[in-house]
Amino acid sequence: MPSLDQLTALGYSVGVASGSTAAEQEALAAARDLAAPERIETDVQTIADKAALDATALAVQRGIDAAQIPGAVSEAVARITQAALETITVARNENVAFHERALAIAKTMPTTYVVNGPGFQNLYVDIDDATGNPTADSTEMVAALLDPDAHRERLFQHNLGSHPKPEIAAEIFGYVQDLREKGWTVAAEIAEGATNPKAVIAAAGQPETIADTVAKLRDAAEKLPDLNPPA
Amino acid sequence: MPVSIPVPARSPGDLLTSALWNAQVKDNINKLLDRGHRVLTVAQFAALTGLEGTKGTVAPDEVYLEVDSANGIQWHLAYESGETTYKWRYLGGPALYSEVVAQENVTSVTYVALATAGPSVALPRGGDYDVEIRSGLTASARGNPTAHSYDIGGTGAVDGDCLWLGTGAFDTPAGVRTRRKTALATATLTSKYRSDGVTASSIHNRSMSVTPVRIRHDA
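Residues numbered from 1 in each chain as written. Chains lettered and ligands numbered in written order. Predicted model: local features only at pLDDT ≥ 70, side-chain atom pairs only at ≥ 80, totals over all residues. Heavy atoms only, no water.

**Here we look at the overall build of chain B**
Which entries qualify depends on this criterion: To qualify as a helix, a DSSP run of H or I must reach at least 4 residues; to qualify as a strand, a run of E must reach at least 2; elements of each kind are numbered from the N terminus. With a 1.4 Å probe rolled over the protein chains alone, any residue whose accessible area is under 20% of its type maximum counts as buried; one over 50% counts as exposed, and the rest are partly exposed. To be clear on the numbers: accessible area is Shrake-Rupley with a 1.4 Å probe, and residue cover counts the displayed protein chains and nothing else.
When helices and strands are tallied, chain B shows 2 helices and 13 strands. Looking at chain B residue by residue over its 219 residues, the buried ones come to 52%. For chain B, the accessible area works out to roughly 9,000 Å², and carbon and sulfur atoms hold 51% of it.

**What about the packing of aromatic side chains?**
Quick reminder of the rule: To pair, rings of Phe, Tyr and Trp, with the six-membered ring standing in for Trp, must have centres within 6.5 Å; the planes then decide the type, stacked if under 30 degrees apart, edge-to-face if over 60, and tilted in the middle. In this analysis the charged atom, NZ for Lys or CZ for Arg, is taken to sit over a ring once it is within 6 Å of the ring centre and within 35 degrees of the ring normal.
All chains considered together, the criterion is met by 5 aromatic pairs over all chains. Arranged with centres 5.2 Å apart and planes meeting at 75°, the rings of Tyr12 of chain A and Phe120 of chain A form a pair that is edge-to-face. Of the two residues, Tyr12 of chain A is situated in the loop between helix H1 (2–9) and strand E1 (13–18) and Phe120 of chain A in strand E3 (residues 120–127); the sequence distance between them amounts to 108 residues. Like Tyr12 of chain A, the residue Phe120 of chain A is buried in the burial classification. Through pairs of rings, three or more aromatic residues link up here, namely Phe45, Tyr79 and Trp88 of chain B. Sitting over the face of the ring of Phe98 of chain A, Arg38 of chain B holds its NZ or CZ atom 5.3 Å from the ring centroid.

**As for the interface of chain A and chain B**
Many descriptions give the size of an interface as the accessible area lost when the pieces come together. Where we set the bar: What makes two residues a contact is simply this: any of their non-hydrogen atoms within 4.5 Å. Accessible area that two parts lose when put together, evaluated with a 1.4 Å probe and summed over both, is termed the buried area. Salt bridge criterion: a side-chain nitrogen from Lys or Arg within 4 Å of a carboxyl oxygen from Asp or Glu. DSSP bridges decide pairing: two strands pair if at least two such bridges lie between them.
Of the residues lining the interface, 55 residues belong to chain A; the matching set on chain B comes to 59 residues. With both sides pooled, the region where chain A packs onto chain B buries about 4,400 Å², and carbon together with sulfur makes up 58% of that total. Counting across the chain A and chain B interface gives 1 salt bridge. Its salt-bridge partner being Glu140 of chain A, residue Lys192 of chain B comes within 2.9 Å of it at the nearest N-O pair. A per-element tally of the side of chain A that touches chain B places helix H4 (residues 69–108) of chain A first, with 18 residues. Note that E3 of chain A and strand E5 (residues 96–100) of chain B share 2 bridges and pair antiparallel. Bridge assignment links Gln121 of chain A to a residue of E5 of chain B, and that residue is Glu99 of chain B.

**Things to note about the pairing of strand E4 (residues 88–92) of chain B**
The two faces of the sheet receive side chains in turn, since in a regular strand these alternate between them. Pairing geometry for strand E3 (residues 73–79) of chain B and E4 of chain B, over 4 bridges, is antiparallel. Paired with His76 of chain B across the bridge in E4 of chain B is Gly92 of chain B.

**As for the confidence of the model for chain A**
Residue and element names in this part refer to chain A. Stated precisely, the cut-off is as follows: Every residue carries a pLDDT, the predictor's confidence in it, which falls somewhere between 0 and 100.
Looking at chain A, the pLDDT average stands at 79 and 71% of residues meet or exceed 70. Predicted confidence is poor over residues 205–210, with pLDDT under 50, and the contacts of this stretch with residues over four places away or in other chains come to 8 contacts. In this model residues 225–231 is a low-confidence stretch, pLDDT under 50, and it forms 13 contacts with partners more than four residues away in sequence or in other chains.

**A look at the pattern of salt bridges**
All names here are of chain B. Inspection of the entire model under this criterion finds 16 salt bridges over all chains. Salt-bridge contacts for Lys192 lead to Asp151; the nearest nitrogen and oxygen are separated by 2.4 Å. Of the two residues, Lys192 sits in strand E12 (residues 188–195) while Asp151 sits in strand E9 (residues 143–152), which places them 41 residues apart along the sequence. The class of Lys192 is buried, set by a relative accessible area of 7%. On the basis of relative accessibility, which here comes to 12%, the residue Asp151 falls in the buried class. Residues Asp218 and Arg216 are paired through a salt bridge, measuring 2.9 Å at the closest nitrogen-oxygen approach. Look at Arg216 and you get partly exposed, because its relative accessible area is 24%. If you follow the salt bridges from partner to partner, you end up with Glu83, Arg89, Asp128 and Arg214 in one network.

**Here we look at the environment of Pro124 of chain B**
Residues and elements named next belong to chain B. Looking at the element boundaries, Pro124 is found in the loop between strand E7 (120–122) and strand E8 (127–139). By relative accessible area, Pro124 is classed as buried at 7%. Sequence separation of Pro124 and Pro60 is 64 residues, and the distance between their C-alpha atoms is 21 Å. Discounting chain neighbours no more than four positions away, the residues touching Pro124 are Val42, Val67, Trp75, Leu96, Tyr129 and Thr186.

**As for H1 of chain A**
Residues and elements named next belong to chain A. Rule in force here: The directions considered for the arc run from the helix axis to the C-beta atoms.
Among all positions in H1, only Ser3, Leu4 and Leu7 are buried. Taken end-on, H1 shows its buried residues confined to a sector of 95°, consistent with a single buried face. Its buried side turned inward, H1 meets E1, strand E2 (111–117), E3 and helix H5 (139–146). Downstream of H1 by a residue or two, Gly11 has a phi angle that is positive, lying close to 95°.

**Some thoughts on the packing of helix H2 (residues 21–35) of chain A against helix H3 (residues 37–62) of chain A**
Residues and elements named next belong to chain A. Let me state the cut-off plainly: For helices, the fitted line uses only the C-alpha atoms of the stretch in contact; every axis is such a line through C-alpha atoms, and the angle between N-to-C directions lies from 0 to 180 degrees. Roughly parallel covers angles under 35 degrees, roughly antiparallel covers those over 145, roughly perpendicular covers 65 to 115, and oblique covers all other angles. When residues are grouped by polarity, Ala, Val, Leu, Ile, Met, Phe, Trp, Tyr, Cys and Pro land in nonpolar, Asp, Glu, Lys and Arg in charged, and all others, Gly among them, in polar.
One can describe the packing of H2 onto H3 by two numbers: an axis separation of 5 Å at closest approach and a directional angle of 60°. Considered as vectors, H2 and H3 are oriented oblique to each other. Contacts between H2 and H3 involve Asp33, Leu34 and Ala35 on the former and, on the latter, Pro37, Arg39 and Ile40. Residue classes in the contact of H2 with H3 are distributed as 4 nonpolar, no polar and 2 charged.

Next comes the structure, spelled out in structure tokens:
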């Protein structure tokens, strides 16, 4: 599953939403276990044992002669057992066929995964089980999630958004936006800056044309304690 | 549905009463066969056959369809044979929800994905759905019209489905729009955005909620 491996390598959590072939295989195996003759025999015997107790109690309650009770009970139990055996066997075989159909259908479906990470929640992507690659509907989505610059930008915003002093975080973010509007390409340094704002200022340099902006950014950074990277 | 097994003919003095039969056969078998309302995966839902349920005459088959096991989202559905195509009516459950909070820009005059694509929701089955989109806008200039719409599978986003946001300079409005989209096929809905192509728009806190109205199980 190359796409899933790449997503998890970036620290995103990935869960199965629907369409898992493995889940259908497990369900089919469980259905086959229940349909095994020895399992059915065990369950029918349980029914027979309970029925015998109830029938005996009923016979006593009715005042049937003690000598006749075993015969009457065994007849009733035999009929109950036969009905239970036939019904359970048919139904459990039908259940196996149902899960066989479900597995066959699952194999024709992509698996839908739900991806969570800094800056987003519950992005649904479809992955082709055979190739491990996203389906046509999800190709753009997965590519965007794997884009390194966009990933760093999300980390930056996530870290600022998690800062205990939102007003300072907003100030920093505003200055970064200001830098960008003046033509800076700062995305590559932003992730580092999210954990150490002073470093990003040093790395970015201080061109004359935006010196005032950098000064503001530096001032703001001085007020910004080190931020914690996302867990 | 609970199994129905008729009590066999009885002879005088027979111990096999209706009560005994029901307690030992019907109830036990229903329990052993796990009858009643079942939680089904999407594939199991698609594999159902022999369904029944007709308003006013036959009680409907019901299922709990697990549409997102990671988030524990199940939809309670009831079968209605009178429906033409989408025979499973939605009775309840949470919406499928997707969200991108990151603030990102769009300058394109045609619909495009932002740096973080989405939000996106994969429809598990074809049907009629209520699709709600929300987003916030930070404008860089007065007016600054910006649209949030969504692709439906391979069909590109259109203005007809969009949420329009427009502002005075540096305002930060937010908006929401819900549309009932009918006869959707199984597909992924993926948010797309566009501006007037003149001024950059900065979008944040964008989300999508999708709730079924009625769906089909077989496609």
